[in-house]
Protein chains: 2
Amino acid sequence: MTFLLRRSVTVGARAISAPHSQLNFHRSGYATLSTASPYFNNESSGPSVTTSIPGPVSKKAIDELDSVFDTRSLNMICDYEKSVGNYIADLDGNMLLDVYSQIASIPVGYNNPHLHATASSPESINFIINRPALGNFPPGNWASILKSGILSVAPKGLNQVFTGMAGSDAIETSYKAAFMYRRRIERGEGVDFTSQEIESAMKNQSPGSPDLAIMSFKKAFHGRLFGSLSTTRSKPIHKLDIPAFDWPQASFPVLKYPLEDNVEANKEEEQRCLAEVEDIIKTWRCPIAAVVIEPIQSEGGDNHASPVFFQGLRDITKRHGVLFIVDEVQTGVGATGKFWAHEHWGLDSPPDMVTFSKKAQTAGYYFGNSLLRPNMPYRQFNTWMGDPVRAILFRGIIEEIQRLDLVKNTAETGAHLYSGLKELASRYPDKIQNLRGKDRGTFIAWDTPGRDAFLKKMKTVGVNIGGSGESAVRLRPMLVFQKHHANMLLERIEQAYKA
Amino acid sequence: MTFLLRRSVTVGARAISAPHSQLNFHRSGYATLSTASPYFNNESSGPSVTTSIPGPVSKKAIDELDSVFDTRSLNMICDYEKSVGNYIADLDGNMLLDVYSQIASIPVGYNNPHLHATASSPESINFIINRPALGNFPPGNWASILKSGILSVAPKGLNQVFTGMAGSDAIETSYKAAFMYRRRIERGEGVDFTSQEIESAMKNQSPGSPDLAIMSFKKAFHGRLFGSLSTTRSKPIHKLDIPAFDWPQASFPVLKYPLEDNVEANKEEEQRCLAEVEDIIKTWRCPIAAVVIEPIQSEGGDNHASPVFFQGLRDITKRHGVLFIVDEVQTGVGATGKFWAHEHWGLDSPPDMVTFSKKAQTAGYYFGNSLLRPNMPYRQFNTWMGDPVRAILFRGIIEEIQRLDLVKNTAETGAHLYSGLKELASRYPDKIQNLRGKDRGTFIAWDTPGRDAFLKKMKTVGVNIGGSGESAVRLRPMLVFQKHHANMLLERIEQAYKA
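Since the model is a prediction, treat every value here as computed from it, not as a measurement.

Caption draft 1: Structural view of the sheet that holds strand β11 (residues 353–356) of chain A. All names here are of chain A. Taken together, the seven strands give an open sheet; going across it, the order is β6-β12-β11-β10-β9-β7-β8, and neighbouring strands pair in mixed fashion. Only two strands of the sheet have a single neighbouring strand rather than two, namely β6 (160–164) and β8 (249–250). Two strands pair when backbone bridges link them, and strand β7 (residues 213–217) and strand β9 (residues 288–293) are joined in this way by three bridges, in the parallel orientation. In the strand pairing of β9, M215 is matched with V291.

What follows is the structure, encoded as structure tokens:
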């Protein structure tokens, strides 16, 4: 292993100093036209692993942390000063290529200089120390921050936003908006709440607290607070012992791979699921206010469906007056090779709401229909309603994405990576199964037997990589992940499978 | 009004340059021994109002904001660069004494120099741009940040923390901990989940998603997401049209004021409420996992109860194996003249969990019983699990509180302010009713007829002040609110009532 790592450093170093369009050869046979310089001048030329992970320094730090903080889900304890670009450093001096990116949430590389400048700006510092209650006391430039940042990348057809703190509350506030909208339509415009509604709401009883539902899909993940968890169906451990709303789940298509060999079966599967959705809308014991879905089910195992399926879903929800919420918390902000994953679908009319978080480094939901702004103030409200520091950071992220054309980079790097994996799968068919994510940027996954052991093994060859669902390896590199990184990743995957 | 404002500037300016212990006289007759210099050298010497509020510049900005953001709950659009200490600036050059403090969430003054240094530090900048997924990839110094910050002020008996983003998710994760704890005890240590539990949880059905409840109190406010909102009972507008869990509410004591004239009646009222709590625990259709309560009901109208009541609640919950969650989101971090409001109660055994947010500028819940750490990893987990930038800021806030002895300042200023208000109430008995918050720092409130008009009127005399419940004026100044500010406030209150 030591030999391997040393050699790769050399390969990496060569790639960094290479002029544009130089052909790089890799031992494992991956040859690519390197069309761009690395984005980070000071990025490592390759992984470097010199201790076990965790090493002695990390072990000591983990022990200390455990006395005050649950460390049983700890993956790696990190040095964020030394991490650069696509590389994450630990406390023992190891440097790993990071294709997990803080659970898919680092957008443009560790210690990105433009984000450093953004975060160090007087405006940013000011909002850290003078945090406004945005709904009551917004800063004078809040409209400008929204328009030049969050709203400048709003999905087509959606021009307003409700800002929040993290994925779960983006989702939950979108559900609240859906319920208030539903009752507004049912009640009729301008009709007041009845005294019965007012009194029963204070007792958590219908009709004031109505029996309405959100429909989600099997294996979905939408967050872990009470409303969002009621729509999450990823794993029992996420849900056990927590009271939940009696809301319905529909089947998410279980596609067969490779897609090109299973066209008819997959089409039938998707039609079956759509029929189930419609059936539930018609027969569920209470009205369904909204259907929520991820463009690619992420925590649930990287499960895909075709644009036709999502078009069908949009049609059905529209036909039945049910809102259509697209949860782009994990898929949004470029990772699938488009800014929003739902752009891949070619919808005739936009989703009613689109949630975001993770790579945006702030959260919320977009909407376009002005009736989704509740009919009275203080119905959708909380003290902070987001964090302007993080809103400014998202603006900096957007600037960096545009400056480096990173969505395009991700589409191209993803295509390159996908073909490399396809080639690898042809040589290791027992190891790389159900490869998925073609034409979805770097949002790529496959199933592998002994997945957890594989993820651990990857650390020893210098790669921080994550899983999803029961058996999937999920790739979630940052938007600054380039072809030379992809080559290094392919090489390390093969190394791990060979071992 | 112009005259009044100009004169006050002079008074304030004198106070700033005054040596320690100089006696300051105020026109309205409030005389105090000024025992300390102002904390901010560059703080305004008094309010200054030169336009209507909102003035022309603000109006224009509000119109612009409204096209993308709901402005119907907007109170004032602010200039956070010009705001200093206890004074908030708007876009029209008005400068108001702020005793509302971003809905009780600004701790140590606008543009506090120590917080500026904290937020500008390389460590802080680093955590803005390299945001870790704390549960998986904590930074090497996370234990140290927790111990020297959040945990250094942990309530007595509680030595662990689960970190979050804002009040609602602090509350909801504490409820999740309570439910998992309850089932752990019921199930027995080391007993696995049954297959029936695992299967039913994925369908949101019992026994996997158990029918368990959290009990809260009438008029309580604990947040606005689905679980927290099910325990919030402040106002119908907070709850209408949102599905809720069928959880119980007990009566919160409705005390009569002045307390010294209503000792027996209030004692009876508290006993009645305690009996109701016990009755609900015994007879509710499902087990109660936890009782949650605010030390002073804030949004619900600044409703107080005596230490005896809270001691009784602790006893009852203990006797019935029900967890006792104290929601210190609004009362915590010094405002009541102790760091945590529940320190006023002299409990024999600590609460099981204490939630915090607002003035901490970060959020979470403290706990001590290690069985409240769920029996397996990933049961209490999310991507970010808080924000280390805000955790560092809270450490800076704690340092500033200690350096300036601000909890003591708040206790003393509060006592001074309370007596001033009592004196004012004796002269304006129709205006200042049910004055409450004696010995609770600056956490003071009273009822006033035509409350909303009074709040608006206060802006014209240079004070930003908030309300709670139906008719309460609630004071929520920062911890840097001093006696000379209190005098100015008293003067302005009288001015507004006189007008």
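Caption draft 2: Spotlight on empty space enclosed by the protein. One pass over the structure, following the stated rule, counts 11 cavities of 30 Å³ or more. As a volume, the largest cavity reaches approximately 170 Å³. Looking at the largest cavity, it is lined by 20 residues, and the ones nearest its centre are D70(A), F162(B), R373(B), P374(B) and Q380(B). Taken together, the elements giving at least two residues each to the lining of the largest cavity come down to β6 (160–164) and β12 (363–367) of chain B.

Caption draft 3: Region of the structure containing the packing of aromatic side chains. Using the criterion set out here, one finds 51 aromatic pairs over all chains in the structure. A centroid spacing of 6.1 Å and a plane angle of 90 degrees characterise the contact between F226(A) and W247(B), whose relative ring orientation is edge-to-face. Residue F226(A) is located in helix α9 (residues 226–229), and its partner W247(B) is located in the loop between α10 (236–239) and β8 (249–250); the two belong to separate chains. Judged by its relative accessible area of 0%, F226(A) is buried. Accessibility expressed as a relative area gives 3% for W247(B), which makes it buried. We note R131(A) situated over the ring of W384(A); from NZ or CZ to the ring centre the distance is 3.9 Å.

Caption draft 4: Geometry of the nonpolar core. Residues Y366(A), F394(A), Y366(B) and F394(B) are the most contacted members of the largest nonpolar core, which totals 217 residues. With near-sequence residues (within four places) excluded, F394(A) lies in contact with I150(A), V153(A), V333(A), F339(A), F356(A), A360(A), T362(A) and Y366(A).

Caption draft 5: Layout of unusual backbone geometry. Residues and elements named next belong to chain A. The omega angle of the peptide bond from I53 to P54 is 5 degrees, so this bond is cis rather than trans. Mapped onto the elements, P54 comes out in the loop between β2 (31–34) and α2 (56–66). In this model, S101 sits at a positive phi of 60 degrees, which is unusual for a non-glycine residue. Residue classification places S101 among the buried residues on the basis of a relative accessible area of 0%. At M385, a residue that is not glycine, the phi angle is positive and equals roughly 50 degrees. Residue placement: M385 occurs in the loop between β12 (363–367) and α13 (388–403). Take M385: its relative accessible area is 4%, and that puts it in the buried class.

Caption draft 6: Summary view of the interface of chain A and chain B. Contact with chain A, which involves 121 residues of that partner, is made by 122 residues of chain B. Carbon and sulfur atoms make up 61% of the surface buried where chain A meets chain B, a total of about 11000 Å² over both sides. Between the two partners, chain A and chain B, sit 12 salt bridges. Note that D241(A) and R379(B) form a salt bridge whose closest N and O atoms lie 2.9 Å from each other. For the interface between chain A and chain B, the tally reads 76 residue pairs in polar contact (both at pLDDT 80 or more). Among the elements that take part in the side of chain A that touches chain B, helix α7 (residues 167–187) of chain A stands out by supplying nine residues, more than any other. Across the side of chain A that touches chain B, the residue classes break down as 61 nonpolar, 35 polar and 25 charged.

Caption draft 7: Structural detail: the relation of the copies chain A and chain B. Superposing chain A onto chain B takes a rotation of 180 degrees plus a shift of 0.0 Å along the axis, which leaves an RMSD of 0.0 Å. Seen this way, the second copy is the image of the first under a two-fold rotation axis. Closest to the rotation axis within chain A is the C-alpha of F226(A), separated from it by 2.9 Å. The overlap is high: 100% of the interface residues of chain A also sit at the interface in chain B, so the same surface is used on both sides.

Caption draft 8: View of the sheet that holds strand β5 (residues 95–98) of chain A. Residue and element names in this part refer to chain A. As summarised here, the arrangement of the four strands in space is β3-β4-β5-β15, forming an open sheet in which the pairing is mixed. The two strands at the open ends of the sheet, each matched to only one other strand, are β3 (78–84) and β15 (463–464). Pairing geometry for strand β4 (residues 87–90) and β5, over three bridges, is antiparallel. Paired with Y87 across the bridge in β5 is L97.

Caption draft 9: View of the packing of helix α14 (residues 406–427) of chain B against helix α16 (residues 483–498) of chain B. Residues and elements named next belong to chain B. Where α14 contacts α16, the two axes come as close as 9 Å, and the packing angle between them is 20 degrees. With respect to α16, the element α14 is oriented roughly parallel. Crossing of α14 over α16 shows right-handed handedness. Counted together, E412, T413, H416, L417, G420, L421, L424 and R427 of α14 and K483, A486, N487, L489, L490, I493 and E494 of α16 form the full contact between these two elements. Among the residues forming the contact of α14 with α16, the class breakdown is seven nonpolar, four polar and four charged.

Calculation notes
- Counting restarts for each chain, with residues numbered from 1 along the sequence as it is written.
- Throughout, the order in which chains and ligands are written sets their labels, letters from A for the former and numbers from 1 for the latter.
- Residue-level local features of this predicted model are given only where pLDDT is at least 70; pairs of side-chain atoms are given and counted only at 80 or more, and the full residue set underlies all totals for whole chains, interfaces and linings.
- Hydrogens and waters are ignored; side-chain quantities use all the structure's heavy atoms.
- Note: two strands are recorded as paired if DSSP finds a minimum of 2 bridges between them.
- Put simply, DSSP H or I for four residues or longer makes a helix, DSSP E for two residues or longer makes a strand, and each gets a number counted from the N terminus.
- The definitions used throughout rest on a 1 Å grid laid over the protein atoms alone, on which a cavity is an enclosed set of points accommodating a 1.4 Å probe that cannot get out and a pocket is an open set flanked by protein within 12 Å on both sides along at least five of seven lines; lining residues are those having an atom within 4 Å of a point.
- Grid points are joined across faces, edges and corners, and a volume is the space filled by probe spheres set on the points.
- Classification of ring pairs uses Phe, Tyr and Trp, with its six-membered ring standing for Trp, and accepts pairs whose centres are within 6.5 Å; under 30 degrees between planes counts as stacked, over 60 as edge-to-face, and the remaining range as tilted.
- Partly exposed residues are those whose accessible area sits between 20% and 50% of the maximum for their type, while under 20% is buried and over 50% is exposed, using a 1.4 Å probe and protein chains only.
- Definition used: whenever NZ (Lys) or CZ (Arg) falls within 6 Å of the ring centre and also within 35 degrees of the ring normal, the charge is taken to sit over that ring.
- In these notes, a set of buried Ala, Val, Leu, Ile, Met, Phe, Trp, Tyr and Cys residues joined through side-chain atoms within 4.5 Å is what counts as a nonpolar core.
- Residue contacts are defined here by distance: any two heavy atoms, one from each residue, within 4.5 Å place the two residues in contact.
- In this description, buried area is defined as the sum, over both parts, of the accessible area (probe of 1.4 Å) that is lost when the two are combined.
- For this analysis, a salt bridge means a side-chain nitrogen from Lys or Arg found within 4 Å of a carboxyl oxygen belonging to Asp or Glu.
- The term polar contact refers here to a pair of N or O atoms within 3.5 Å; inside protein, the definition further demands a hydrogen-donor-capable atom paired with an acceptor-capable atom, and it admits residues adjacent in sequence only when both atoms are side-chain atoms.
- Residue polarity is assigned by list, with Asp, Glu, Lys and Arg as charged and Ala, Val, Leu, Ile, Met, Phe, Trp, Tyr, Cys and Pro as nonpolar; anything else, Gly included, falls into the polar class.
- Fitting of the copies onto one another was done by least squares over C-alpha atoms, counting residues only where both copies have pLDDT of at least 70.
- Here an axis means a line fitted to C-alpha atoms, over the contact stretch when the element is a helix, while the angle between two N-to-C directions is reported on a 0 to 180 degree scale.
- Comment on the angle field: the value is read as roughly parallel under 35 degrees, roughly antiparallel over 145, roughly perpendicular from 65 to 115, and oblique elsewhere.
- The crossing is said to be left-handed when, going from far helix to near helix, the turn is anticlockwise and less than a right angle, and right-handed when the turn is clockwise.

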